[in-house]
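Chain by chain, the residues:
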Amino acid sequence: DQQVKQNSPSLSVQEGRISILNCDYTNSMFDYFLWYKKYPAEGPTFLISISSIKDKNEDGRFTVFLNKSAKHLSLHIVPSQPGDSAVYFCAASEDRGGTSYGKLTFGQGTILTVHP
Amino acid sequence: GAGVSQTPSNKVTEKGKYVELRCDPISGHTALYWYRQSLGQGPEFLIYFQGTGAADDSGLPNDRFFAVRPEGSVSTLKIQRTERGDSAVYLCASSSRTSETQYFGPGTRLTVL
């Protein structure tokens, strides 16, 4: 049962254009969402997060949008740069008050390639 | 400062053998997490510690897998009677508290022949 899904295995974008990575989830108990970026032979690196009480969070070139009713979130990168080429993982966790809060559930990842 | 470190970076073993994977968290981080990443998949949660105790071990696949964190710092993931299906990258992460951002190490690639 895949509770977090990234349906696009790969995305190719021209440098300077916008990259949009999508993520869907099924567990209505998820209330905190994160995006991680991973280069080969390295561990995932935290990019940006959003709490379920918000619908948008922005940090520099990176913006995450959350649509709770659709159980959908997206990561926008603008402008895209060749150094952004990596695997991007969407992750989610449940209610902060519960003991399961530390557990992140990840999607399968999307390989982003930004062409010069 | 130093990030999360994991040793060894690569481990090749034979089916049926016992292995130990080590994780050194960021200094001062009280929460520590283990995940497993198979090829083409996202990381899959195994267990997390708050201090010395396992707060959630619901992701451990079976009783061949065990993890300890005796002094609340370094953690060891132990796998008994390894099987070929255990081959994966084992990732460790730590955070200053359970509610804070998790920082990942580079992982240990385990190959069971």
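Our structure is the block above this text.
Only a predicted model underlies this, so the values are computations on that prediction, with no experimental measurement involved.

> How would you summarise the overall build of chain B if you had to cite specific residues and measurements?
Looking only at helices and strands, chain B has zero helices and eleven strands in total. For 113 residues, the compact-globule estimate of 2.2 N^0.38 gives 13 Å, and the C-alpha radius of gyration of chain B, at 13 Å, lies within 12% of that figure. Along the longest, intermediate and shortest principal axes, the C-alpha atoms of chain B span 35 × 25 × 25 Å. Within chain B, the proportion of its 113 residues that are buried is 46%. Sequence-distant contacts in chain B: of pairs separated by 6 or more residues, those separated by 24 or more amount to 54%. As displayed, chain B offers around 5400 Å² of accessible surface, 47% of which is attributable to carbon and sulfur atoms. Charge-centre separation for chain B: the mean point of 12 positive side chains lies 6 Å from the mean point of 11 negative side chains.

> Give a description of the state of the cysteines that names residues and reports values.
Residues and elements named next belong to chain A. In the structure shown here, the tally under the stated rule is two disulfides over all chains. Between the sulfur atoms of Cys-23 and its disulfide partner Cys-90 the distance amounts to 2.0 Å. Here the S-S torsion is close to -70°, and the disulfide linking Cys-23 with Cys-90 is therefore left-handed. Linking Cys-23 in strand 3 (residues 19–25) with Cys-90 in strand 9 (residues 86–94), this pair joins segments that are 67 residues apart in sequence. In terms of burial, Cys-23 and Cys-90 fall into one category: buried.

> Go over the packing of aromatic side chains with me, naming the residues and quoting the values.
Under the defined criterion, the tally for this structure stands at twelve aromatic pairs over all chains. Put simply, the rings of Tyr-36, Phe-46, Phe-89 and Phe-106 of chain A together with Tyr-33, Tyr-35, Phe-45, Tyr-48 and Phe-104 of chain B pair up and form one aromatic cluster.

> Give a description of the pattern of salt bridges that names residues and reports values.
All names here are of chain B. Evaluated as defined, the whole model comprises five salt bridges over all chains. The shortest N-O distance in the salt bridge between Arg-22 and Asp-24 comes to 2.8 Å. Owing to a relative accessible area of 38%, Arg-22 belongs among the partly exposed residues under this scheme. One salt bridge connects Arg-36 with Glu-44, and the closest N-O pair in it is separated by 3.9 Å. Residue classification places Arg-36 among the buried residues on the basis of a relative accessible area of 12%. Residues joined by salt bridges that share partners form a network here, namely Arg-64, Glu-83 and Asp-86.

> Account for the interface of chain A and chain B, with residues named and values stated.
In this assembly, 18 residues from chain A lie in contact with 20 residues from chain B. The contact between chain A and chain B buries some 1500 Å² in all, and 58% of this surface belongs to carbon and sulfur atoms. Applying the counting criterion to the chain A and chain B interface returns zero salt bridges. The residue inventory of the side of chain A that touches chain B, partitioned by class, reads eight nonpolar, six polar and four charged.

> Provide a residue-level description of the pairing of strand 8 (residues 72–77) of chain A, including the pertinent values.
Residues and elements named next belong to chain A. Strand 8 sits mainly inside the fold: five of its six residues count as buried. Direction of pairing for strand 7 (residues 62–67) relative to strand 8: antiparallel, over a ladder of six bridges. Paired with Val-64 across the bridge in strand 8 is Leu-75.

Calculation criteria
- Residues numbered from 1 in each chain as written.
- Chains lettered and ligands numbered in written order.
- Predicted model: local features only at pLDDT ≥ 70, side-chain atom pairs only at ≥ 80, totals over all residues.
- Heavy atoms only, no water.
- Helix = DSSP H or I, 4+ residues; strand = E, 2+ residues; numbered from the N terminus.
- Rg over C-alpha atoms; globule rule 2.2 N^0.38 Å.
- Buried < 20%, exposed > 50% of the residue type's maximum accessible area, 1.4 Å probe, protein only.
- Contact = heavy atoms within 4.5 Å.
- Areas by Shrake-Rupley, 256 points an atom, 1.4 Å probe, with all protein chains shown as cover.
- Lys, Arg positive; Asp, Glu negative; His and termini not counted.
- Charge placed at Lys NZ, Arg CZ, Asp CG, Glu CD.
- Disulfide = S-S within 2.5 Å.
- Phe/Tyr/Trp six-rings, centres within 6.5 Å; stacked < 30°, edge-to-face > 60°.
- Salt bridge = Lys/Arg side-chain N within 4 Å of Asp/Glu carboxyl O.
- Buried area = accessible area lost by both parts, 1.4 Å probe.
- Nonpolar A, V, L, I, M, F, W, Y, C, P; charged D, E, K, R; others polar.
- Pairing = 2+ DSSP bridges.

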